[in-house]
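# Observations on the three-dimensional arrangement
Here is how the chains run, residue by residue.
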Amino acid sequence: MIKLAIISLVIAAVLALLGFGGAAGTFVGIAKILFFIALAVFVLFLVLGILAGKGVKDAID
């Protein structure tokens, strides 16, 4: 998902250089949304991994 955000930023930069400001702004917005979704998924999996690790540790002990 981070890859898609970076691709959107590159497309936005190209569009901005070519003078398409409205489309560039749209792609920057898409990149922001994708970045924050990826960040939220990362934090979710981090918390789940920590909780699962504690559960396995308690089961072993």
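Computed from a predicted model, the values in this text were never measured in an experiment.

Rules behind the numbers
- The numbering scheme is per chain: residues are counted from 1 as the chain's sequence reads.
- It should be noted that, the model being predicted, local features are given only for residues of pLDDT at least 70 and side-chain atom pairs only at 80 or more, the latter also being counted only at that level, while totals for whole chains, interfaces and linings use all residues.
- Values shown for side chains rest on all heavy atoms present in the structure; no hydrogens or waters enter the calculation.
- UniProt positions are given in the numbering used here, feature names are shortened, and annotations may be inferred rather than shown by experiment.
- Runs of E in the DSSP output that reach at least two residues are strands. Runs of H or I that reach at least four are helices, and both are numbered from the N terminus.
- When a residue's accessible area, from a 1.4 Å probe over protein chains only, is under 20% of the maximum for its type it is buried; when over 50% it is exposed; and in between it is partly exposed.
- Pairing of aromatic side chains here covers Phe, Tyr and the six-membered ring of Trp, requires ring centres within 6.5 Å, and sorts the geometry by plane angle: under 30 degrees stacked, over 60 edge-to-face, intermediate tilted.
- Note on definitions: angles span 0 to 180 degrees between N-to-C directions of axes, and those axes are lines fitted to C-alpha atoms, for helices only across the stretch in contact.
- Relative orientations are named as follows: roughly parallel for angles under 35 degrees, roughly antiparallel for angles over 145 degrees, roughly perpendicular for angles from 65 to 115 degrees, and oblique for any other angle.
- We call a crossing left-handed when the near helix sits turned anticlockwise from the far one by less than a right angle, and right-handed when that turn is clockwise.
- Any two residues having at least one pair of non-hydrogen atoms within 4.5 Å are treated as being in contact.

### What to know about the UniProt feature "transmembrane region" (unreviewed entry) in the protein
Mapped onto the present numbering, the UniProt feature "transmembrane region" (unreviewed entry) falls on residues 33-53. The span residues 33-53 is 100% helical and 0% strand by assignment, and the distance between its end C-alpha atoms comes to 30 Å.

### Regarding the environment of V10
Topologically, V10 is positioned in helix α1 (residues 2-18). A residue is classified by how much of its surface remains accessible, and V10, at 49% relative accessible area, is partly exposed. When the C-alpha positions of V10 and F27 are compared, they lie 8.9 Å apart, and in sequence the two are 17 residues distant.

### Looking at the packing of aromatic side chains
Aromatic ring pairs are described here by two measures, namely the spacing of the ring centres and the angle between the planes. Throughout the structure, instances matching the rule amount to one aromatic pair. Their ring planes at 70 degrees and their centres at 5.3 Å tell us that F35 and F36 sit as a pair that is edge-to-face. Taking relative accessible area as the criterion, F35 reaches 39% and is therefore assigned partly exposed.

### Concerning the packing of α1 against helix α2 (residues 21-60)
Running from N to C, α1 and α2 cross one another at 165 degrees; their axes reach a closest spacing of 8 Å. Relative to α2, α1 is oriented roughly antiparallel. Where α1 crosses over α2, the handedness of that crossing is left-handed. On α2, the residues that touch I2, L4, A5, S8, L9, I11, A12, L15 and A16 of α1 are A23, A24, F27, V28, I30, A31, L34, F35 and A38.

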